[in-house]
Amino acid sequence: MKGERLIYIENKIMDHDTAVKCISNWKLKNDKVVFTNGCFDLLHKGHVSYLAQAASLGSRLVVALNTDRSVKRQGKGDDRPVNDENARALVMASLGVVDAVVFFDSDTPLSLIDLLKPDVLVKGADYDPKETNPQSKSFIVGSESVRANGGEVAAIPIVEGYSTTSIINQLQKK
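Residues numbered from 1 in each chain as written. Predicted model: local features only at pLDDT ≥ 70, side-chain atom pairs only at ≥ 80, totals over all residues. Heavy atoms only, no water.

J.: Before we move on, can you summarise the pattern of salt bridges with the specific residues and values?
T.: Using the criterion set out here, one finds eight salt bridges in the structure. We note a salt bridge from Glu152 to Lys32, for which the minimum N-O separation is 3.1 Å. Taken as a pair, Glu152 in strand S6 (residues 152-156) and Lys32 in the loop between helix H2 (16-28) and strand S2 (33-38) lie far apart in primary sequence, 120 residues in all. With a shortest N-O distance of 2.3 Å, Arg69 and Asp105 are connected by a salt bridge. (Salt bridge = Lys/Arg side-chain N within 4 Å of Asp/Glu carboxyl O. Helix = DSSP H or I, 4+ residues; strand = E, 2+ residues; numbered from the N terminus.)

Following this line, the structure appears as structure tokens:
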């Protein structure tokens, strides 16, 4: 039997249609919806700091999570993701700062951003909200769409010394 807290956490993991309805309801209440995305394979201090800062930019935080296939296509290595998408989603949804978790299977979350129409789009500081060239590595995918809908784009400082790749490398040395 599942406890009510586990059910609460699982209910934060939504399909696209449910997320659209949920976000519409939040916006009717004048909640400011923040959107970010990533793999979030091995959750660490850098992720938690980033997500908390992103959540502070609005009332609700939606995290788009790469599916396992999407992570594989990123070329992070044959051993990635370490945790499958359902495990990563459950861990992400368990965070108090996260209001919704939605999967995306494409190489970028652009179609999901277009569908959900967040008020704020957030990425780490290795991206540049002012970059307008989509070919640049620092360009934030979806920034044009969010701005066209009257939203804003922001970058959050990265906590130095914390990355999933560095954690995996440390573990492989042992």
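Next, the rest of the story.
J.: Which residues make up helix H3 (residues 45-55), and what are the values?
T.: Residues Gly46, His47, Tyr50, Leu51, Ala54 and Ala55 constitute the buried set of H3. In an axial view of H3, the angular spread of the buried residues amounts to 160 degrees, which keeps them on one side of the axis. (Buried < 20%, exposed > 50% of the residue type's maximum accessible area, 1.4 Å probe, protein only. Arc of directions from axis to C-beta.)

J.: Which residues make up the pairing of S2, and what values do they have?
T.: In terms of burial, S2 is a largely internal element, six of the six residues being buried. Two elements, S2 and strand S3 (residues 60-66), share six bridges in a ladder whose sense is parallel. In the strand pairing of S3, Asn37 is matched with Ala64. For S2 and strand S5 (residues 120-124), the ladder comprises two bridges, and the chain directions are parallel. Its bridge partner being in S5, Phe35 is matched across the sheet by Leu121. (Pairing = 2+ DSSP bridges.)

J.: So what's going on with the nonpolar core? Which residues, and what values?
T.: Counting residues in hydrophobic clusters, the biggest one holds 20 residues, and the most contacted among them are Leu51, Leu61 and Met92. Contributing elements (two or more residues each) for this core: H3, S3, helix H5 (85-93), strand S4 (100-104) and S5. With four residues, the single largest contributor to this core is H3. Those residues within four positions of Leu61 in sequence are excluded, and the remaining contacts are Val34, Thr36, Leu51, Ala54, Ala55, Val97, Val98, Asp99 and Ala100. (Core = buried A, V, L, I, M, F, W, Y, C linked by side-chain atoms within 4.5 Å. Contact = heavy atoms within 4.5 Å.)

Read these as geometric descriptors, not functional statements.
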